[in-house]
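Spelled out, the chains give:
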Amino acid sequence: MVKKSELTPTMTIRGVTLFQGLLNRPEQVQILEDLREVARAAPFFRPVTSRGQQMSVRMTSAGAVGWISDRKGYRYQDHHPDGQGWPRIPDSILAVWTRVAPDAREPDSCLVNFYDPDARMGMHQDRDEADLDQPVVSISLGDDALFRIGNLTRGGKTESVWLKSGDALVMGGPARLVFHGIDRIRAGSSQLLPDGGRINLTLRVAR
Ligand code: MD6
Ligand code: FE
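Residues numbered from 1 in each chain as written. Chains lettered and ligands numbered in written order. Predicted model: local features only at pLDDT ≥ 70, side-chain atom pairs only at ≥ 80, totals over all residues. Heavy atoms only, no water.

1. Thoughts on the overall build of the chain
What the chain contains, in helices and strands, is two helices and 13 strands. Among the 207 residues that make up the chain, the fraction classed as buried is 51%. Summarising the internal contacts of the chain: among those between residues at least 6 apart in sequence, 72% fall at separations of at least 24. Of the roughly 10100 Å² that the chain leaves accessible, carbon and sulfur atoms contribute 49%. Mean positive and mean negative side-chain charge positions of the chain (27 and 25 charges, respectively) differ by 6 Å. (Helix = DSSP H or I, 4+ residues; strand = E, 2+ residues; numbered from the N terminus. Buried < 20%, exposed > 50% of the residue type's maximum accessible area, 1.4 Å probe, protein only. Contact = heavy atoms within 4.5 Å. Areas by Shrake-Rupley, 256 points an atom, 1.4 Å probe, with all protein chains shown as cover. Lys, Arg positive; Asp, Glu negative; His and termini not counted. Charge placed at Lys NZ, Arg CZ, Asp CG, Glu CD.)

In structure tokens form, the structure reads like this:
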């Protein structure tokens, strides 16, 4: 296999590679504009867990399948909870995948998470995808977020890093199944989103 030329990460923590400052302001603005179209076709919703707990993030998706959680549990499905199919993943977002994961298959799912200043994401693994040899790529937009990286099993020592608007990271290879989460959002740290908050995109090969 021919390896395409790869960007150099700015940092690697426990096998998770960070590309800090990857996206300049115009690139971030373009993605945000494209996300407005995504959210028009597939409005943000607040998922509940199978136990009926509301998650603090709001979500939507683009791609052939989207990740959802409801009283029946969590899964990838080919339509929004309102019934319509998901919109395509915008080219501006696919371009980031190609830059940081040039050898991976094309992603078929882009989860869009919106965090208001009080939202967080508990420690979890991304393991609902069929082919765990494919990486997950995440893009951060808007307010800074404290990202915690743990281990391949729950618990143990962790390391944290602030993710800023325009940062991307890749979770792949031996780090594909590390536990991770978002502890907190630094409200007002970015002017990118007109009403504040943070958007995280996670691109995946789900099927
Ligand atoms: C977030 N990110 O940054 C949450 N998952 O808001 C994730 O859960 C995540 O950043 C898999 C791979 C990269 C990630
Ligand atoms: Fe995750």
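Here the narrative resumes.
2. A few points about the sheet that holds strand β3 (residues 58-63)
A sheet is described by the order of its strands in space; here seven strands give the open sequence β1-β2-β11-β8-β13-β6-β3, paired in antiparallel fashion. The open sheet has two edge strands, β1 (11-13) and β3, and neither has a second partner. Adjacent strand axes in the sheet meet at a mean angle of 20°, parallel and antiparallel pairs treated alike. Judged from the six bridges that link them, β3 and strand β6 (residues 109-115) form a sheet pairing that is antiparallel. From the neighbouring strand, Arg58 faces β6, where its bridge partner is Phe114. (Pairing = 2+ DSSP bridges. Axes fitted to C-alpha atoms, helices over the stretch in contact; angles between N-to-C directions.)

3. Looking at the coordination of the iron ion (ligand 2)
Distances from the iron ion (ligand 2) to its protein donors, His124 (NE2), Asp126 (OD) and His180 (NE2), fall within 2.1 to 2.2 Å. Sequence spacing of the donor residues for the iron ion (ligand 2), all on one chain, is H-x1-D-x53-H. Residue Asp126 is classed as buried on the basis of its relative accessible area, which comes to 7%. (Donors = N, O, S within 2.8 Å, 3.2 Å for Na, K, Ca; no water.)

4. Focus: the packing of aromatic side chains
This model, assessed by the stated rule, comprises two aromatic pairs. An angle of 70° between the planes, with centres 6.4 Å apart, marks the rings of Phe44 and Phe114 as edge-to-face. Of the two residues, Phe44 sits in the loop between α1 (25-41) and β3 while Phe114 sits in strand β6, which places them 70 residues apart along the sequence. Consider the rings of Trp67 and Tyr74, whose centres lie 5.9 Å apart with planes at 25°: the pair is stacked. (Phe/Tyr/Trp six-rings, centres within 6.5 Å; stacked < 30°, edge-to-face > 60°.)

5. Let's talk about the environment of Asp144
Position of Asp144 relative to the elements: it lies in strand β9 (residues 144-149). A polar side-chain atom of Asp144 sits 3.3 Å from a polar atom in the side chain of Lys164. (Polar contact = N/O pair within 3.5 Å; in protein donor to acceptor, adjacent residues only side chain to side chain.)

6. Brief notes about the pattern of salt bridges
One pass over the structure, following the stated rule, counts 13 salt bridges. A salt bridge links Asp131 to Arg105; the shortest N-O distance between them is 3.4 Å. On the criterion of sequence distance, the pair formed by Asp131 in the loop between β7 (121-124) and β8 (136-142) and Arg105 in the loop between α2 (91-100) and β6 is long-range, its members being 26 residues apart. (Salt bridge = Lys/Arg side-chain N within 4 Å of Asp/Glu carboxyl O.)

7. A closer look at the pairing of strand β13 (residues 198-204)
Of all seven residues in β13, seven are buried, a share of seventy percent or more. With burial as the criterion, each face of β13 is covered, one bearing Arg198, Asn200, Thr202 and Arg204 and the other bearing Ile199, Leu201 and Leu203.

8. A look at the side chain of Glu129
Relative to the helices and strands, Glu129 is located in the loop between β7 and β8. Within the structure, the side chain of Glu129 is placed 2.5 Å from the side chain of Tyr76, a separation counted as a polar contact. With sequence-adjacent residues up to four places away left out, Glu129 is seen in contact with Tyr76, Arg176, Arg204, Val205 and Ala206.

9. Here's the deal with the pairing of β6
Burial of β6 is extensive: seven of the seven residues sit out of reach of the surface. Here β6 shows a buried face lined by Ser109, Leu111, Asn113 and Tyr115 and a second buried face lined by Cys110, Val112 and Phe114.

10. Notes on the site of ligand 1
Every one of the 13 residues lining ligand 1 counts as a neighbour, but Tyr115, His124, Ser138, His180 and Arg198 are closest to it. Between ligand 1 and Asn200 there is a distance of 3.1 Å, counted from an oxygen atom to a side-chain nitrogen or oxygen. For ligand 1, the protein covers 99% of the area, taking 340 Å² as the surface of the free molecule. Secondary-structure elements contributing two or more residues to the shell around ligand 1 are β8, β11 (168-171), β12 (180-186) and β13. Per-element tally for the shell around ligand 1: the top contributor is β13, with three residues. A class-by-class count of the residues in the shell around ligand 1 yields six nonpolar, five polar and two charged. (Near = heavy atom within 4 Å. Nonpolar A, V, L, I, M, F, W, Y, C, P; charged D, E, K, R; others polar.)

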